[in-house]
Amino acid sequence: MSEQSAGRTALPFHPMLELEMEMDVFMSDWLHCNQLSNYVARMVSHDRSDPVRHANLLSSALNELFEISFRSGRASGRLHCNVSRGDGAERIALTFPCAPAQQHLYRDATARASKAGALQRYLDALADENSVSEEDVILLGLAINYDASLSLQQVEDRALTVVLDIPVEGLLN
């Protein structure tokens, strides 16, 4: 497994929730992105200082990740979502099937979202939707709007794992 890291700090993360489903079931309806993100966010937000706001914020970020996997176009394999909590951050690890030929799009977008100038690239992408790929816009948006750090792990040439560390509680204060 290779990893591209965006300066993640080594925090002790504790498992909160794990979800797995067949990609063909997930991809059978676009609404699954929203339904799963709402469900997962509510499940892990119950004990936070403001559970409703926490769930809303986390659900929005989760929805973006689920949409990335939905857009991968691969209906065979399994979708796996793991949410864990560390001091001041939630970690979402989403694994989904992705053809080797398409994986470079996600690697490049993750690298661009983690470099200096990400904010300007995001603003440029918002001003001209044709200037970057949809993967770029989503991953840049997650990094900028949620103060998140991103990394990407390749899983045996057949799947990718997008890891998102999001300081949700800090964003709510």
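Placed above this text is the structure.
Please read all numbers here as calculations on a predicted model, not as lab measurements.

Brief notes about the packing of helix α3 (residues 51-71) against helix α6 (residues 134-145)
Line of reasoning, step 1. Where α3 meets α6, the axes come as close as 10 Å, and the angle between the chain directions of the two elements is 160°. Taken together, α3 and α6 sit at an angle that is classed as roughly antiparallel. For the pair α3 and α6, the sense of crossing is left-handed. Along the contact surface, α3 presents A61, E64, L65, I68 and R71, while α6 presents E134, I138, L139 and L142.
Line of reasoning, step 2. Grouping the constituent residues of the contact of α3 with α6 by class yields six nonpolar, no polar and three charged.

Here we look at the environment of C33
Line of reasoning, step 1. If you trace the backbone, C33 turns up in helix α2 (residues 31-45).
Line of reasoning, step 2. Residue class for C33 comes out buried when judged on its relative accessible area of 1%.
Line of reasoning, step 3. Between the C-alpha atom of C33 and that of V163, which follows or precedes it by 130 residues, the distance is 17 Å.
Line of reasoning, step 4. Those residues in contact with C33 that sit more than four places away from it in its chain are F26, N63, F66, E67 and F70.

Things to note about unusual backbone geometry
Line of reasoning, step 1. Here D147, not a glycine, exhibits a phi torsion of approximately 50°, which is positive.
Line of reasoning, step 2. Among the residues examined, D147 registers a relative accessible area of 54% and is labelled exposed.

As for the nonpolar core
Line of reasoning, step 1. Counting residues in hydrophobic clusters, the biggest one holds 44 residues, and the most contacted among them are F26, F66, L79, F96 and L164.
Line of reasoning, step 2. Looking at which element gives the most residues to this core, the answer is α3, with eight residues.
Line of reasoning, step 3. Those residues within four positions of L164 in sequence are excluded, and the remaining contacts are A61, L65, E90, R91, I92, L142, A148, S149 and L150.

Details of a nonpolar patch on the surface
Line of reasoning, step 1. On the surface, a nonpolar cluster with roughly 290 Å² of combined accessible area is contributed by L119, L123 and L126.
Line of reasoning, step 2. Checked against the element boundaries, L119 lands in helix α5 (residues 118-127).
Line of reasoning, step 3. The partly exposed category is assigned to L119, whose relative accessible area is 47%.

Quick word on the environment of R53
Line of reasoning, step 1. Position of R53 among the secondary structure elements: in helix α3.
Line of reasoning, step 2. Looking at R53, the relative accessible area reads 42%, which means it is partly exposed.
Line of reasoning, step 3. Between the alpha carbons of R53 and E169 there is a distance of 9.5 Å; along the sequence they are 116 residues apart.

A look at α2
Line of reasoning, step 1. In a regular helix each residue adds 1.5 Å, so 15 residues correspond to 21 Å; α2 covers 21 Å between its end C-alpha atoms and thus fits that length.
Line of reasoning, step 2. Three or more residues of α2 are buried, namely H32, C33, L36, S37, V40, A41, V44 and S45. Taken around the axis of α2, the buried residues stretch over an arc of 165°, which confines them to a single face.
Line of reasoning, step 3. Of the surrounding secondary structure, the elements contacted by the buried residues of α2 are β2 (14-22), α1 (23-26), α3 and β3 (78-86).

Here's the deal with the pattern of salt bridges
Line of reasoning, step 1. Taken as a whole, this structure holds 10 salt bridges when the rule is applied.
Line of reasoning, step 2. Note that D47 and R85 form a salt bridge whose closest N and O atoms lie 3.0 Å from each other. A residue pair is termed long-range when its members are at least 10 positions apart, and D47 in the loop between α2 and α3 and R85 in strand β3 qualify at 38 residues.
Line of reasoning, step 3. Residue R85 is classed as buried on the basis of its relative accessible area, which comes to 11%.
Line of reasoning, step 4. As a salt-bridge pair, R112 and D136 come within 2.7 Å of each other at their nearest N and O atoms. With R112 in helix α4 (residues 100-114) and D136 in helix α6, this residue pair connects regions lying 24 residues apart in the sequence.
Line of reasoning, step 5. On the basis of relative accessible area, D136 is assigned to the buried category, the value being 4%.

What counts, and at which threshold
- Here the residue numbers are simple positions, counted from 1 along each chain's written sequence.
- Reporting in this predicted model follows two pLDDT cut-offs: at least 70 for local features of residues, and 80 or more for side-chain atom pairs to be given and counted; totals over whole chains, interfaces and linings ignore these cut-offs and use all residues.
- The basis for every side-chain value is the complete set of heavy atoms in the structure, and neither hydrogens nor water enter the calculation.
- Every axis in this analysis is a line fitted to C-alpha atoms, fitted for helices over the stretch in contact. Angles between the N-to-C directions lie between 0 and 180 degrees.
- A run of H or I in DSSP counts as a helix once it spans at least four residues, and a run of E counts as a strand once it spans at least two, with each numbered from the N terminus.
- Working rule for angles: under 35 degrees goes down as roughly parallel, over 145 as roughly antiparallel, 65 to 115 as roughly perpendicular, anything else as oblique.
- Handedness of a helix crossing follows the sense of rotation of the near helix relative to the far helix, less than a right angle counterclockwise being left-handed and clockwise being right-handed.
- Every residue pair with non-hydrogen atoms within 4.5 Å of one another is taken to be in contact.
- In this classification, Asp, Glu, Lys and Arg are treated as charged, Ala, Val, Leu, Ile, Met, Phe, Trp, Tyr, Cys and Pro as nonpolar, and every other residue, Gly included, as polar.
- Throughout this description, buried means an accessible area under 20% of the type-specific maximum (1.4 Å probe, protein chains only), exposed means over 50%, and partly exposed covers the range between.
- As used here, the term nonpolar core means buried Ala, Val, Leu, Ile, Met, Phe, Trp, Tyr and Cys residues forming a set that is joined through side-chain atoms within 4.5 Å.
- Here a patch means residues that are over 30% exposed by relative accessible area and free of salt bridges, tied together within 9 Å if like-charged and within 5 Å if nonpolar (Val, Leu, Ile, Met, Phe, Trp, Tyr).
- Accessible areas in this description were obtained via Shrake-Rupley with a 1.4 Å probe; residue shielding takes into account the shown protein chains only.
- Each reported salt bridge corresponds to a side-chain nitrogen of Lys or Arg within 4 Å of a carboxyl oxygen of Asp or Glu.
- For a helix, the expected span equals 1.5 Å multiplied by the number of residues minus one.
- The arc in question is formed by the directions pointing from the helix axis toward the C-beta atoms.

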